Amino acid sequence: MRKYKTSERRVDLFDIGDGLTLMNVILKNEEGKMMAIDTYIGAERNGFSCVGHAEGLDEPGAVFSYAGYNRMIGANLSYYLDAFWTNITPEARG
């Protein structure tokens, strides 16, 4: 198992209500530039479900804004919540 250095990975957590958390896991390259983001929704005791993924953010010519990514997630939160409720198991729904 490989342990990530703090310069290679960052996790941002956002409370989205109803006991749910939105989590962005950000992977960085050697220069500290974002390479990929995986977005999850879930709750600590019931686990998380992947609802979004962006990659190639460090490729030449790629134009990317993390603030813009978060605005897009906020604007489409109902879509991401639908994906979350579709992906979790009935036991996790409570």
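Everything that follows concerns the structure shown earlier in this document.
Described below are features of the structure shown in this document. It should be emphasised that the depicted structure is a prediction, and the values quoted were computed from it without experimental measurement.

1. Some thoughts on the overall build of the protein chain
For step 1, the next point in the chain: Looking only at helices and strands, the protein chain features three helices and four strands.
For step 2, the next point in the chain: The order of α-helices and β-strands along the protein chain, N terminus first, is β-β-β-β-α-α-α.
For step 3, the next point in the chain: With the principal axes as the frame, the protein chain shows a C-alpha extent of 45 × 35 × 20 Å.
For step 4, the next point in the chain: Within the protein chain, the fraction of its 94 residues that count as buried is 34%.
For step 5, the next point in the chain: Of the contacts formed within the protein chain by residues at least 6 apart in sequence, a portion of 32% connects residues at least 24 apart.
For step 6, the next point in the chain: Just so you have it, the protein chain exposes about 6,500 Å², and 51% of that area is on carbon and sulfur atoms.
For step 7, the next point in the chain: For the protein chain, the distance from the average site of its 10 positive side-chain charges to the average site of its 13 negative ones is 6 Å.

2. Concerning helix H1 (residues 66-75)
For step 1, the next point in the chain: Of the positions making up H1, those classed as buried are Tyr-66, Tyr-69 and Ile-73. All buried residues of H1 project into a common sector of 55° when viewed along the axis, lining one side. Of the exposed residues in H1, the ones pointing more than 90 degrees away from its buried face are Arg-71 and Ala-75.
For step 2, the next point in the chain: On the buried face of H1, the contacting elements are strand E1 (9-17), strand E2 (20-28), strand E3 (34-43), strand E4 (47-55) and helix H2 (77-87).

3. Quick word on the pairing of E1
Along any regular strand, the residues point their side chains to alternate faces of the sheet.
For step 1, the next point in the chain: Here E1 runs beside E2; their pairing, made up of eight bridges, is antiparallel. Its bridge partner lying in E2, Asp-15 is registered against Thr-21.

4. Some details on the pattern of salt bridges
For step 1, the next point in the chain: Tallying each qualifying case throughout the model produces one salt bridge.
For step 2, the next point in the chain: Arg-10 is the partner of Asp-12 in a salt bridge, and the nearest nitrogen-oxygen pair spans 2.8 Å.
For step 3, the next point in the chain: Assessed through its relative accessible area of 16%, Asp-12 is described here as buried.

5. Some details on the side chain of Lys-28
For step 1, the next point in the chain: For Lys-28, the location among the structural elements is in strand E2.
For step 2, the next point in the chain: Buried and unpaired, Lys-28 has no salt bridge, with Asp-12 as the nearest side chain of opposite charge at 8.4 Å.
For step 3, the next point in the chain: What Lys-28 contacts, discounting residues up to four positions off in sequence, is Ser-7, Glu-8, Arg-10, Lys-33, Met-34 and Met-35.

Analysis parameters
Residues numbered from 1 in each chain as written. Predicted model: local features only at pLDDT ≥ 70, side-chain atom pairs only at ≥ 80, totals over all residues. Heavy atoms only, no water. Helix = DSSP H or I, 4+ residues; strand = E, 2+ residues; numbered from the N terminus. Buried < 20%, exposed > 50% of the residue type's maximum accessible area, 1.4 Å probe, protein only. Contact = heavy atoms within 4.5 Å. Areas by Shrake-Rupley, 256 points an atom, 1.4 Å probe, with all protein chains shown as cover. Lys, Arg positive; Asp, Glu negative; His and termini not counted. Charge placed at Lys NZ, Arg CZ, Asp CG, Glu CD. Arc of directions from axis to C-beta. Pairing = 2+ DSSP bridges. Salt bridge = Lys/Arg side-chain N within 4 Å of Asp/Glu carboxyl O.

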